[in-house]
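Observations on the model geometry
Residues per chain are reported as follows:
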Amino acid sequence: MKTERILLLAALILPTLLQAQVRFATRNGHVTFTSETPLENIEATNDKATSVFDLSSGAVEVAVLMKAFTFEKALMQEHFNENYVESDKYPKGTFKGTVSGFTAGDLTKPGSYNVTVTGDLTIHGVTKPLTAEGTLVVDPTGVLKAVTTFIVKPEDFDIKIPGLVRDNIAKEIDVKVQIEYQKL
Amino acid sequence: MRRTKLILLVLVALGAIAAGYGLWEYNRGLSDAGAEEPVARIEASALLQEFSADEAAANARFNGKAVQVTGIVKEVTAPAAGPTTVSLETGDPLSLVICESDDGRAAQLKAGNKVTLKGFCAGYNLDVLLQRCVIVE
């Protein structure tokens, strides 16, 4: 039930037990999604994503509160929460997976590394496999930034869009995740 | 003939009112929690306790609803764009109550201040998040 708390605790305690493990985390990750149709463009942002990234194994977890997505218009936000993702019933969206295409040694020096993220994305109580290309950037001050983009199809997650607004909402939603990690 | 014209005029007027309402509703912005009657008036530590003890029950009780929370300010961050974030102490170093607010007074708060805010609860993801908060006192 309190997986996130346990994970964070583990993330804080484990490195002292196992020197080889290097973990990064944030509670201020940015997740943005965009729906573009000829009728209207809809964008929502959430800057309170939590994430833990284990450099030694590549394991990564991200969680967002669905209600924390902010839209330009109140009506869009209400429809999103009440009718589409049913955030009262399914308050969180999560991703659990691994990042591959880098070595822990790579990330000790500044640079940009192309990586692949593979895992399971859960939205609206439905879990689907997801593979996405991403970039890990180590800046000269040692800060680790991660960026990835992928497409989500509402129908894959059993999200039903009523006929009346079917043409206002894209069949493929672009999702962008930008995370600046702090070393634990 | 005059009667038909009158009916037409009334229909056009009704249509215009409906369209105007539709447009207003479509463009309605997000409102803060200022006018909402809170479902609970609670200390930050007790709010966190509710979520950590039984997340599903706390979700059902608080999520999407206005909650009034009182606590000691741990940190205030006011980014160039977007709302000010006021973090409240909970007695737990790993989990806070995070209040996002566009209330101009939020950025003036300092660590250690006691404050009461009212905002819409978005749920529990390490921290308890309240959005569109107003400062009550």
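Placed above this text is the structure.
Let me begin by describing the structure that accompanies this report. Computed from a predicted model, the values in this text were never measured in an experiment.

Turning our eyes to something else, we now look at the overall build of chain B. When helices and strands are tallied, chain B shows three helices and six strands. Against the 2.2 N^0.38 benchmark of 14 Å for 137 residues, chain B shows a C-alpha radius of gyration of 21 Å, more extended than a compact globule. Scored against the burial criterion, the 137 residues of chain B give a buried share of 44%. When the accessible surface of chain B is split by element, carbon and sulfur atoms take 59% of a total near 7400 Å². The centroid of the 13 positive side-chain charges in chain B is displaced by 16 Å from the centroid of its 16 negative side-chain charges.

So, about a nonpolar patch on the surface. Among the surface-exposed residues, B:Leu6, B:Ile7, B:Leu8, B:Val10, B:Leu11, B:Leu14 and B:Ile17 lie close enough to one another that they form a single nonpolar patch of about 700 Å² accessible area. Counting through the fold element by element, B:Leu8 comes out in helix 1 (residues 2-27).

What follows covers helix 2 (residues 44-53) of chain B. Of the positions making up helix 2 of chain B, those classed as buried are B:Ala44, B:Leu47, B:Leu48, B:Phe51 and B:Ser52. Looking straight down helix 2 of chain B, one finds its buried side chains confined to an arc of 130°; they lie on one side.

A separate point is the side chain of A:Ser87. All names here are of chain A. Position of Ser87 relative to the elements: it lies in the loop between helix 2 (74-84) and strand 5 (92-100). Looking at Ser87, its side chain comes within polar contact range of the side chain of Lys67, at 3.0 Å. In contact with Ser87, not counting residues within four places along its chain, are Met66, Lys67 and Asn81.

Here B:Ser45 shows up in helix 2. The spacing of B:Ser45 and B:Ser95 is 50 residues in sequence and 9.5 Å in space, taken between C-alpha atoms.

So, about the interface of chain A and chain B. In this assembly, 28 residues from chain A lie in contact with 29 residues from chain B. Both faces considered, chain A and chain B share a buried interface measuring about 2500 Å² in area, 54% of it formed by carbon and sulfur atoms. Where chain A touches chain B, the interface holds three salt bridges. Linking B:Glu55 and A:Lys92 is a salt bridge whose minimum nitrogen-to-oxygen distance equals 2.8 Å. Applying the counting criterion to the chain A and chain B interface returns seven residue pairs in polar contact (both at pLDDT 80 or more). Going through the elements one at a time, helix 1 (3-17), strand 2 (41-54), strand 3 (59-65), strand 4 (70-71) and helix 2 of chain A are the ones with two or more residues in the side of chain A that touches chain B.

Thresholds applied
Residues numbered from 1 in each chain as written. Chains lettered and ligands numbered in written order. Predicted model: local features only at pLDDT ≥ 70, side-chain atom pairs only at ≥ 80, totals over all residues. Heavy atoms only, no water. Helix = DSSP H or I, 4+ residues; strand = E, 2+ residues; numbered from the N terminus. Rg over C-alpha atoms; globule rule 2.2 N^0.38 Å. Buried < 20%, exposed > 50% of the residue type's maximum accessible area, 1.4 Å probe, protein only. Areas by Shrake-Rupley, 256 points an atom, 1.4 Å probe, with all protein chains shown as cover. Lys, Arg positive; Asp, Glu negative; His and termini not counted. Charge placed at Lys NZ, Arg CZ, Asp CG, Glu CD. Patch = residues over 30% accessible without salt bridge, like charges linked within 9 Å, V, L, I, M, F, W, Y side chains within 5 Å. Salt bridge = Lys/Arg side-chain N within 4 Å of Asp/Glu carboxyl O. Arc of directions from axis to C-beta. Polar contact = N/O pair within 3.5 Å; in protein donor to acceptor, adjacent residues only side chain to side chain. Contact = heavy atoms within 4.5 Å. Buried area = accessible area lost by both parts, 1.4 Å probe.

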